[in-house]
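Here is how the chains run, residue by residue.
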Amino acid sequence: MSVPYETAAYEPYESPEPPEEHLARLLGRALNSFELPDETIRCLDGALAYDSSLHSAHHSAGLHRETYRHTWLLADGSALTLWELVHNTARGRAAQHEVYVDEEELRTATMRLPLPPDAPEFELPVLVQSSPVPGPRHAYAPDDSADHARRLLRRAENADRPGAETAALLATACAHQITQAFGRPCRAGRAGLGFSLYEHAFLLGDGAEISLWEVEHTATPDGRHMCEVYASEEAAREAMERRAAQLS
């Protein structure tokens, strides 16, 4: 079985969740989470952000194995990664989850699985290639992406959100990926303000790609959550700065 795209391991998108909730779910489903060093868990306490992606996949004759890379941004600016192994090679073919602190442990665990040696293998390409291969810029997951785009635009409250032309393009979306964007922070403004920036990348039916940038914040007079959507990252970041300045 072939894998057409690198697939990101994101939870169904409703609203941003704190990094500790992702950690709790990972530890809750992993059969060997009790083996993780206490120091690792302590380091993850208070992480600022979280991201996850598929690292490799192996499918053959009803058996499968996937490995996922879970990365947390820590308060000191460093990153910590845990590796998740998911497979159905145990009796009953139920999916089992295991978690490891480094790739060597992951490889050791993977080698013990009874997968046929001739099963097709899928690995992510290296980030630096001698000859770049054209392909999608994002790790798309096939889903009801056109409906996701419609709901995203519908909940946007800013008057300058993308209009009918963008909505028409997104009606042909066949896959999408959501990632949290970091980088240049906006000014803090009033104490307690919260800003989050997300890129919603869409793969269209003709192979073209388009991104919408969602700002979620509490920079409102009554502190309620507000969603704004922009056609570019620069416009989204400018809006974050503007909102923070209005309430500073």
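Each remark here, short or long, concerns the structure printed above.
Residues numbered from 1 in each chain as written. Predicted model: local features only at pLDDT ≥ 70, side-chain atom pairs only at ≥ 80, totals over all residues. Heavy atoms only, no water.

**Description of the overall build of the protein**
Then step 1. Counting secondary structure elements, the protein contains six helices and ten strands.
Then step 2. Put simply, the protein has 248 residues, and 43% of those count as buried.
Then step 3. Taking contacts inside the protein between residues at least 6 apart in sequence as the whole, the part at least 24 apart equals 60%.
Then step 4. Of the roughly 13600 Å² that the protein leaves accessible, carbon and sulfur atoms contribute 55%. (Helix = DSSP H or I, 4+ residues; strand = E, 2+ residues; numbered from the N terminus. Buried < 20%, exposed > 50% of the residue type's maximum accessible area, 1.4 Å probe, protein only. Contact = heavy atoms within 4.5 Å. Areas by Shrake-Rupley, 256 points an atom, 1.4 Å probe, with all protein chains shown as cover.)

**Notes on a negative patch on the surface**
Then step 1. On the surface, a cluster of negative charge is made up of Glu-35, Asp-102, Glu-103 and Glu-105.
Then step 2. Mapped onto the elements, Glu-103 comes out in helix α3 (residues 103–111). (Patch = residues over 30% accessible without salt bridge, like charges linked within 9 Å, V, L, I, M, F, W, Y side chains within 5 Å. Salt bridge = Lys/Arg side-chain N within 4 Å of Asp/Glu carboxyl O. Lys, Arg positive; Asp, Glu negative; His and termini not counted. Charge placed at Lys NZ, Arg CZ, Asp CG, Glu CD.)

**Let's talk about α3**
Then step 1. Of the positions making up α3, those classed as buried are Leu-106, Ala-109 and Thr-110. For α3, the angular spread of the buried residues around the axis is 100 degrees, confining them to a single face.
Then step 2. Here the buried face of α3 lies against β2 (63–73), β3 (79–87) and β4 (96–100).
Then step 3. Here α3 starts with a cap whose side-chain oxygen sits 3.2 Å from the backbone nitrogen of Glu-104, and that cap is Asp-102. (Arc of directions from axis to C-beta. Polar contact = N/O pair within 3.5 Å; in protein donor to acceptor, adjacent residues only side chain to side chain.)

**Comments concerning the side chain of His-217**
Then step 1. Following the sequence through the fold, His-217 ends up in strand β9 (residues 209–217).
Then step 2. A polar contact is formed between the side chain of His-217 and the side chain of Glu-228, at a distance of 2.8 Å.
Then step 3. Once you skip the residues sitting within four places of it in the chain, His-217 turns out to touch Gly-194, Phe-195, Arg-224, His-225, Met-226, Glu-228 and Arg-243.

**Section: unusual backbone geometry**
Then step 1. One non-glycine residue with positive phi stands out, namely Arg-93, at about 60 degrees.
Then step 2. Among the secondary structure elements, Arg-93 is positioned in the loop between β3 and β4.
Then step 3. For Arg-93, a relative accessible area of 45% gives the class partly exposed.

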